Amino acid sequence: MASAIMLAADAPKLSSANTGFMLICSALVMLMTPGLAFFYGGMVRVKSTLNMLMMSFISLGIVTILWVLYGFSLAFGTDSGSIIGWSSDYVGFSGIGLTELWDGYTIPVYVFAVFQLMFAIITPALISGALADRVKFTAWALFITLWVTIVYFPVAHWVWGTGGWAFELGVIDFAGGTAVHINAGAAALGVILVIGKRVGFKKDPMRPHSLPLVMLGSGLLWFGWFGFNAGSWLGNDDGVGALMFVNTQVATAAAMLAWLAYEKIRHGAFTTLGAASGAVAGLVAITPSGGAVSPLGAIAVGAIAGVLCAMAVGLKYKLGYDDSLDVVGVHLVGGVVGSLLIGFFASGGGQSDVQGLFYGGGLDQFWKQCAGVFAVLGYSLVVSAVLAFLIDKTIGMRVADDEEVAGIDQAEHAETAYDFSGAGGGLDRTAAAAPVQDSASKKVDA
């Protein structure tokens, strides 16, 4: 009887502080999807701006419904074979009590579910940047539906679900280096290898139409990423979330500076696009590693990722794949770099006592990281390519060439991002000219 009383006393209790903190973090992660829409929207040509915004926004709608219906159950339900989860109580959120706590934590299941929902939303939205200018909106919506069901939900279970094989192996992914960024980057590569290049790739200029919009989007991503990363500890009781918050800022700054330095040496200029891209590369790389490394380690992770991602974005021109907005170069490469560097820079003083090679821990953790990284990369790449192939052979994945050249915004959405028809002013030109002519004639008469 005494032991039962002690167990009841030791059981976690709902923490209003942690619950409030996690709700705020969830809102910050939600903000990242509109931030991503602005970031991508500014990077495309003006004729594709609205389509780029909509490719992110539609994910907010589709994934939310799927998550409630079955996605949360597949990702975080009771494990089956270390591959997938399922719990009937999570289907439609029908069996979740208002104050029911997420196992082992002090926050309600509802709070955990909505926090993870925001991750599920932004992951397919990341893929969209690689497909700019050329994908039918209906095909994209169908792809999101199939991809999150077959790829994202199972991978999330592998990495974060109790019983998932990567989780049980000890693969460290604090906030989504494998489940989000490598997953999305590999999917982007798989799809673009199927659907092909944009019309005019490597021939026509395809510069960003609005760098201020890009900077606004990257700023919103940076801001929202604090919820993405610090919130992934699911509480604020032991300082690990604070470490992750600090490391998020530190690595992002280091990556931005490293990208700009590389850009100056390689191309002779510090560009705003480089600053924004470097910041995102740092955010990507610290996402899996920030709870395991020290702030000095975060500087190293950010700087290495900044240089390697800057180098990687040029590969599309050498290798001939059309990654429109550098999803492969930033998210796939950044996710791989950040995940693997845990095997070298894990300090043992953060989320766990695991130490990397540079802290005397040998290469054991590095090999575990390799297993997680390359399994997710391979699975997402192959399945995403198959899904794109099937969609392309049924309803068609791409818009017609003439619609792409004219502008996908008009073809798919019957709108344009900027309407200048009323920008000429309200004064009629002929009326405005009459008094001037009268005045001149009076001077002649005089």
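Caption draft 1: Region of interest: unusual backbone geometry. Not every positive phi belongs to a glycine, and Asp326 is a case in point at roughly 65°. Tracing the sequence through the fold places Asp326 in the loop between helix H12 (315-319) and helix H13 (327-340). What makes Asp326 buried here is its relative accessible area of 16%. Positive phi values are uncommon outside glycine, yet Ala414 reaches one of about 55°. Along the chain, Ala414 falls in the loop between helix H17 (408-413) and helix H18 (429-445). According to the relative accessible area criterion, Ala414 is exposed, its value standing at 57%.

Caption draft 2: Spatial organisation of the packing of helix H8 (residues 211-230) against helix H9 (residues 240-267). At their nearest, the axes of H8 and H9 sit 9 Å apart, and the two run at 140° to each other. Crossing of H8 against H9: the hand is right-handed. In this structure, H8 uses Trp222, Phe226, Asn229 and Ala230 to contact H9, whose residues at the interface are Gly241, Met244, Phe245, Thr248, Gln249, Thr252 and Ala253. Per-class residue counts for the contact of H8 with H9 are 6 nonpolar, 5 polar and no charged.

Caption draft 3: Geometry of a nonpolar patch on the surface. On the surface, Leu357, Phe358, Tyr359, Leu363 and Trp367 cluster together into a nonpolar patch covering about 510 Å² of accessible area. Tracing the backbone through its elements, the reader meets Leu363 in the loop between helix H14 (342-345) and helix H15 (364-394).

Caption draft 4: Representation of the packing of helix H2 (residues 16-43) against H8 in the model. With their axes 7 Å apart at the nearest point, H2 and H8 run at an angle of 155° to one another. Considered as vectors, H2 and H8 are oriented roughly antiparallel to each other. Two packed elements cross with a definite hand, and for H2 against H8 that hand is left-handed. Looking at the contact of H2 with H8, its residues break down into 19 nonpolar, 7 polar and no charged.

Caption draft 5: Main features of the confidence of the model for the protein chain. Averaged over every residue, the pLDDT of the protein chain is 93; the share at 70 or more is 92%. A low-confidence stretch, residues 1-7 stays under pLDDT 50, and its non-local contacts, those more than four residues away or across chains, total 0 contacts. Counted against residues more than four places away or in other chains, residues 426-446, with its pLDDT under 50, gives 1 contact.

Definitions and limits used
Residues numbered from 1 in each chain as written. Predicted model: local features only at pLDDT ≥ 70, side-chain atom pairs only at ≥ 80, totals over all residues. Heavy atoms only, no water. Helix = DSSP H or I, 4+ residues; strand = E, 2+ residues; numbered from the N terminus. Buried < 20%, exposed > 50% of the residue type's maximum accessible area, 1.4 Å probe, protein only. Axes fitted to C-alpha atoms, helices over the stretch in contact; angles between N-to-C directions. Left-handed = near helix turned anticlockwise from the far one by under 90°. Contact = heavy atoms within 4.5 Å. Nonpolar A, V, L, I, M, F, W, Y, C, P; charged D, E, K, R; others polar. Patch = residues over 30% accessible without salt bridge, like charges linked within 9 Å, V, L, I, M, F, W, Y side chains within 5 Å. Areas by Shrake-Rupley, 256 points an atom, 1.4 Å probe, with all protein chains shown as cover. Salt bridge = Lys/Arg side-chain N within 4 Å of Asp/Glu carboxyl O. Parallel < 35°, antiparallel > 145°, perpendicular 65-115°, else oblique. pLDDT = per-residue confidence, 0-100.

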